[in-house]
Amino acid sequence: MKIDKIELFKVPPRWLFLKITTDDGFTGWGEPVVEGRADTTSAAVKELAPYILGKNASRIEDIWQTLYRGGFYRGGPVLTSAISGIDEALWDIKGKFTGLPVHDLLGGAVRDRMMVYQWVGGDSPSEVVEAAKEKQRQGFKAVKMNGTDAIEWIDSFGKIDEVVARVSDVRYACGKEFGIGIDFHGRVHKTMAKTLMKELEQYHPMFIEEPVLPENGECLKALSELVSTPIAVGERLYTRWDFKHLFEQGAVDIIQPDPSHTGGISEFRKIASMAEAYDVAVAPHCPLGPIALATCFQLDFNCVNAVIQESSIGIHYNEGAGLLEYVLNPEVFNFRDGYIELFTGAGLGIEINEEKVREMAAIGHDWKNPLWRTHSGVVTEW
């Protein structure tokens with residue numbers, strides 16, 4: 001079962017798919033993409049290809065170590081995302097070869113179904129109440145919303161009041177048991193984060209995500225001591241070595257590694273085990289396509305400290321093509337009462353519609369994230 005062929009497909013709305021084929025006809029799919037840097041990540045995969053062509057596809061750990069340690073410069077979003085997609089595809093192949101879902105290969109399922117949340121409100125949060133109520137009517141037990149629009153390093157209390165009012169309205173509309181994740185998206189700087197988190201605490205958020213930029217992670221300890229609200233971070237951290245420092249700080253309650261960025265299934269599982277040792281929960285990040293989402297669920301089913309899964313189905317980022325268009329068995333992504341049932345299919349559990357992939361790859365995309373400026377004209381976080 002030697003790796004014979006690697007193909008890349010840049011498909012709308014903003015994804016990059018990878019297909020690995022072995023010499024005996026097994027195929028696996030991965031999703032190695034940095035949003036807004038698809039071409040860069042594609043180039044990284046192509047540069048890594050000579051290290052794995054002709055290698056035994058079942059030697060996943062050895063291949064991971066080769067790709068990671070084989071370069072003097074390592075880590076970061078591009079290189080690690082390239083490794084991630086390759087790793088996902090290799091696990092998909094191994095599952096198809098054995099006839100088992102990936103979660104079985106990792107040691108088996110620890111749960112029968114996984115709780116899911118969906119986004120409301122878009123980039124600039126608005127109309128969140130009706131959107132949250134609609135998700136609740138659909139059976140979801142939780143949603144996530146952006147906390148703020150563009151915000152200055154030090155902004156007015158009027159801006160804080162707007163955020164608090166939105167969260168308050170959702171809380172009173174949906175009740176005490178409904179989960180509200182609030183994503184600061186790294187838009188908020190330390191001084192404003194302190195005030196916002198303190199004001200929001202009374203509405204019992206499910207978590208505050210990225211209260212400050214990951215570059216300012218040293219601030220998390222002070223923020224965690226200020227409020228009881230769970231702090232969630234990790235979508236922009238890569239490999240266990242990034243997360244090691246986070247765990248040692250003892251300031252985070254939930255980590256959100258993205259298996260399409262953090263080193264694939266192999267590395268995600270190690271990070272989740274480290275988190276368990278530090279009594280930290282896991283809520284995988286996933287704003288991407290069907291391969292990334294299926295990968296997350298395979299890990300959720302196996303990780304005892306996985307608590308809730310972000311769903312990219314219908315997310316505001318992914319306009320231009322639907323996630324389900326790329327799979328032949330979309331029923332695996334059916335949600336019931338806010339949960340998704342255990343995947344039983346081999347490998348990642350999804351069947352990629354290759355004809356659709358090739359059709360849409362001919363169209364491609366050039367997605368870039370918006371560039372925001374504050375009212376004063378300063379470039380700011382999106």
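### Here's the deal with the overall build of the protein
Looking only at helices and strands, one finds 12 helices and 15 strands in the protein. Whereas a compact globule of 382 residues would reach a radius of gyration of roughly 21 Å, the protein reaches 20 Å, a difference of no more than 12%. Within the span of the protein, comprising 382 residues, buried residues form 58% of the whole. Restricting the contact set of the protein to residue pairs at least 6 apart, pairs at least 24 apart contribute 71%. Of note, the protein has its 39 positive side-chain charges centred 2 Å away from the centre of its 55 negative side-chain charges.

### A look at the nonpolar core
Formed by 101 residues in total, the largest nonpolar core has its most connected members in F17, I86, L90, I255, F297 and F333. Of all the elements, helix α11 (residues 290-302) adds the most residues to this core, at eight residues. Among all residues touching F333, those that are not within four sequence positions of it are P290, L293, A294, F297, I313, L323, L324, I340, F343 and I350. The next biggest cluster of nonpolar side chains, apart from the first, holds eight residues, and it includes A232, A281, A283 and I308.

### What to know about the packing of helix α1 (residues 38-52) against helix α2 (residues 60-69)
Close contact between α1 and α2 brings their axes to 10 Å; oriented N to C, the two are set at 130 degrees. By the angle between their axes, α1 is oblique relative to α2. Crossing of α1 against α2: the hand is right-handed. From α1, L48, Y51 and I52 reach across to α2, where they touch I63, T66 and L67. Class assignment for the residues of the contact of α1 with α2 results in five nonpolar, one polar and no charged.

### What about helix α9 (residues 239-249)?
Within α9, burial applies to T239, R240, F243, L246 and F247. Around the axis of α9, the buried residues are gathered within 115 degrees of arc, so they sit on the same side. Among the exposed residues of α9, those pointing more than 90 degrees away from its buried face are H245 and E248. For α9, the elements touching its buried residues are α2, α3 (76-98), α8 (220-226), β8 (231-233), β9 (254-255) and α10 (264-277). After α9 finishes, the residue G250 shows a positive phi value of roughly 70 degrees.

### Quick word on the sheet that holds strand β2 (residues 15-22)
The strands making up a sheet associate through backbone hydrogen bonding, with each pair oriented either parallel or antiparallel. With respect to topology, three strands assemble into an open sheet ordered β1-β2-β3, the strand pairing being antiparallel. Strands with a single pairing partner mark the edges of an open sheet, and in this sheet they are β1 (3-11) and β3 (27-30). In this sheet, adjacent strand axes meet at a mean angle of 20 degrees when their direction is disregarded. Of the pairings in the sheet, the one linking β1 to β2 comprises eight bridges and is antiparallel in character. Bridge assignment links F9 to a residue of β2, and that residue is F17.

### Examining the environment of E276
The topology assignment puts E276 in helix α10. Along the sequence, E276 and D300 sit 24 residues apart, while their C-alpha atoms lie 13 Å from each other. Beyond its immediate stretch of four places on either side in the chain, E276 contacts V304 and N305.

### Thoughts on the packing of aromatic side chains
One pass over the full model with this rule turns up 19 aromatic pairs. Taken together, the ring pairs in this structure connect F297, F301, F333 and F343 into an aromatic cluster. In this structure, R113 is placed above the aromatic ring of Y339, and the distance from its NZ or CZ to the ring centre is 3.9 Å. Just above the ring of W64 sits the side chain of K270; from NZ or CZ to the centre is 5.6 Å.

### Topic: unusual backbone geometry
Backbone torsion omega between P12 and P13 reads 10 degrees, so that peptide bond is classified as cis. Its location among the elements puts P13 in the loop between β1 and β2. One non-glycine residue with positive phi stands out, namely H185, at about 60 degrees. The backbone of H204 shows a phi angle near 50 degrees, a positive value even though the residue is not glycine. Mapped onto the elements of the fold, H204 is located in the loop between α7 (190-200) and β7 (207-209).

Analysis parameters
- Residues numbered from 1 in each chain as written.
- Predicted model: local features only at pLDDT ≥ 70, side-chain atom pairs only at ≥ 80, totals over all residues.
- Heavy atoms only, no water.
- Helix = DSSP H or I, 4+ residues; strand = E, 2+ residues; numbered from the N terminus.
- Rg over C-alpha atoms; globule rule 2.2 N^0.38 Å.
- Buried < 20%, exposed > 50% of the residue type's maximum accessible area, 1.4 Å probe, protein only.
- Contact = heavy atoms within 4.5 Å.
- Lys, Arg positive; Asp, Glu negative; His and termini not counted.
- Charge placed at Lys NZ, Arg CZ, Asp CG, Glu CD.
- Core = buried A, V, L, I, M, F, W, Y, C linked by side-chain atoms within 4.5 Å.
- Axes fitted to C-alpha atoms, helices over the stretch in contact; angles between N-to-C directions.
- Parallel < 35°, antiparallel > 145°, perpendicular 65-115°, else oblique.
- Left-handed = near helix turned anticlockwise from the far one by under 90°.
- Nonpolar A, V, L, I, M, F, W, Y, C, P; charged D, E, K, R; others polar.
- Arc of directions from axis to C-beta.
- Pairing = 2+ DSSP bridges.
- Phe/Tyr/Trp six-rings, centres within 6.5 Å; stacked < 30°, edge-to-face > 60°.
- Lys NZ or Arg CZ within 6 Å of the ring centre and 35° of its normal.

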